[in-house]
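Structure at a glance
Listed below are the residues making up each chain.
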Amino acid sequence: MTDDTLYDTAVIGGGLAGLCLSIQLATQGFKIILFEKEIYPFHKVCGEYISMESWGFLESLGLPLSKMQLPVIKKLIVTSPDGTALQHDLGLGGFGISRYRIDNHLKEIAAGLGVQILENCKAEDVIIKDDIFKITTIKGNFTAKVCCGSFGKRSNLDVKWKRSFILSTKGKLNNYIGIKYHIKTDFPADTIALHNFKNGYCGISKIEEDRYCLCYLTNAANLKDSNNGIDEMEKTILSANPYLKNIFTTSTKLYSSPLSISQISFQKKTQIENHILLLGDAAGMITPLCGNGMSMAMHSSKIAFINISAFLKNHISREVMEENYLKTWKKTFSKRLRTGRIVQYFFGKPIVTNLFVSAMKRLPFLTTALIKKTHGDPF
C-alpha cells in the first residue's frame, strides 16, 4: 500500500523516546506517524528502573504516575563477585515500572492525540529526496517532512546504513548479551541492587504489583563457555556471587523463557544519519549499571521535539534544526556516556571488580560522585 499523506514527522520505533516525541508533537497539532515492529503491549530487555528526573516530564505527557502506586527506589546495593556488599543512598532516586506497562500507556496517549501508529510494521529503508523523506516499510510506503529513528540498541537500519559501531570488530564495548526475567522474590521495594559476576552484572528492582525485574548483561564468551545454555551460565558463572546464587535458588521466574538480546554495543554512535534525528539507544547507549537509559531516551525526545517543532513552524532551517539537536544532545549526555564507559571498564574482571567495590565502600564520596555523574536533573 502507499499512503499519500505527507506527515509532518515519521518516527521509526515505538519505545519510550519515540512515543514521548510523538505525544509532544501531536499535542502541537502536527500530523505524526509511528512505526513499531512489535504489537503492544510487549516486554523488552530493559532494567525497568527510571530515575526521578523523568517523573514530572512523564506526568506532563498525561501519564498519571502519582496514581499508579509504583515503588519509589531510594537505596542502592552493589556487590562484587566475592560477595562484598556496598550500600548507598541514591539521592534523587527513581521508580520502578515495566516496559510492558509504561510503553502501552504512552501508546494509548499517543493514539488518543491522533498519532497514526502502525504496529507489526518494520521500516526497511529511508531516503530523503527533494527535502522529503520516503520511508519504505513492510506495510507500504510513506512520506514525511521530518524523520526520527528511535529503534533501540541495534536494528536492521543500523546494518543497512553500515553505522560505525556495526562495522567495528568485536571488543570490550560491543559484544554483550542481555537477559531479562520478571520474578517473584523477597527483596526491599525501595532498593535497587547491582550484583557483579565474572564479565557481567545483574540488576534487580521492584516494578508494579508484586513483581521484580531481574536483568543482566554479560559478554558472549560467558554464554559460549556455558555450552550456549542460559541456565548453565546462571548456575555456574552468575551464581559464583552468593547474592545471585540466593536469588536464582529462592525466586520464582514468571517467564516461561527469558527475554534476550545479543550484540549490544556501548561504543560511540552518531546522533544524525542521512538527516534522520536519532533518539534514545539509537543515538548512544549508557551502560545499564548506570541505570539511566530510559530517562536519557525521554530527555532526548524533548530535545528533538523543541527543534523539530521550530523547524515545522518555519522558524529555523533543517540545517539549524540538526545543528541545534546535535549540540544540545552532546552537551546534555556526552559526559554521562563517558562516565558510563569508564565505569564499565572497572566491572568484569573479578579481581578488579572486587577491589573497585571495596574502594567504593571505603570512600562513599566516590559512590556519591558516580551516582551524580550518571543521573541528570529534572527536565
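Scroll up a little and you will see the structure.
Below you will find a few notes about this structure. Only a predicted model underlies this, so the values are computations on that prediction, with no experimental measurement involved.

Cut-offs used in this document
- Residues numbered from 1 in each chain as written.
- Predicted model: local features only at pLDDT ≥ 70, side-chain atom pairs only at ≥ 80, totals over all residues.
- Heavy atoms only, no water.
- Helix = DSSP H or I, 4+ residues; strand = E, 2+ residues; numbered from the N terminus.
- Rg over C-alpha atoms; globule rule 2.2 N^0.38 Å.
- Contact = heavy atoms within 4.5 Å.
- Areas by Shrake-Rupley, 256 points an atom, 1.4 Å probe, with all protein chains shown as cover.
- Buried < 20%, exposed > 50% of the residue type's maximum accessible area, 1.4 Å probe, protein only.
- Pairing = 2+ DSSP bridges.
- Disulfide = S-S within 2.5 Å.
- Core = buried A, V, L, I, M, F, W, Y, C linked by side-chain atoms within 4.5 Å.

Notes on the overall build of the protein
- A tally of regular secondary structure across the protein gives 12 helices and 17 strands.
- At 21 Å, the protein has a C-alpha radius of gyration in line with the 21 Å of a compact globule built from 379 residues.
- Seen through its C-alpha atoms, the protein measures out along the principal axes to roughly 60 × 45 × 40 Å.
- Here the analysis covers contacts within the protein between residues at least 6 apart in sequence; of these, 71% occur between residues at least 24 apart.
- Accessible surface, the protein: about 16,400 Å² in total, of which carbon and sulfur atoms supply 52%.

Description of the pairing of strand S8 (residues 132-137)
- Burial of S8 is one-sided: the residues Phe 133, Ile 135 and Thr 137 facing one way are buried, the residues Ile 132, Lys 134 and Thr 136 facing the other way are not.
- Where strand S7 (residues 123-129) meets S8, six bridges bridge the pair, whose relative direction is antiparallel. Within the sheet, the bridge partner assigned to Ile 128 lies in S8 and is Phe 133.
- Hairpin connection, S7 to S8: the antiparallel pair is bridged by two residues, and Asp 130 has positive phi, about 55 degrees.
- Looking at chain direction, S8 and strand S9 (residues 140-149) are connected through five bridges and run antiparallel. Residue Lys 134 lies in a different strand from S9, and its bridge partner there is Thr 143.
- Connecting S8 to the antiparallel partner S9 that follows it, the hairpin turn spans two residues.

Observations regarding the state of the cysteines
- Inspection of every chain in the model, using the stated rule, returns zero disulfides.
- Between Cys 147, a free cysteine, and Cys 148, which holds the nearest cysteine sulfur, the sulfur-to-sulfur gap is 6.6 Å.
- Of the residues examined, Cys 147 reaches a relative accessible area of 0% and is grouped as buried.

Overview of the nonpolar core
- Core analysis: the biggest nonpolar cluster contains 75 residues, and Ile 135 and Ile 308 have the highest contact counts within it.
- It is helix H9 (residues 293-312) that contributes the most residues to this core, 10 residues altogether.
- Setting aside anything within four residues of it in sequence, one finds Ile 135 in contact with Ala 10, Ile 12, Phe 35, Ala 123, Asp 125, Val 126, Gly 140, Asn 141, Phe 142, Thr 143, Ala 144 and Cys 147.
- Counting residues in hydrophobic clusters, the runner-up holds 20 residues, among them Ile 77, Tyr 216, Ile 247 and Phe 248.

Focus on the side chain of Thr 9
- Among the secondary structure elements, Thr 9 is positioned in strand S1 (residues 2-12).
- Contacts of Thr 9, omitting those with residues within four sequence positions, involve Leu 25, Lys 31, Ile 32, Ile 33, Ala 144, Val 146, Cys 148, Ile 308 and Leu 312.

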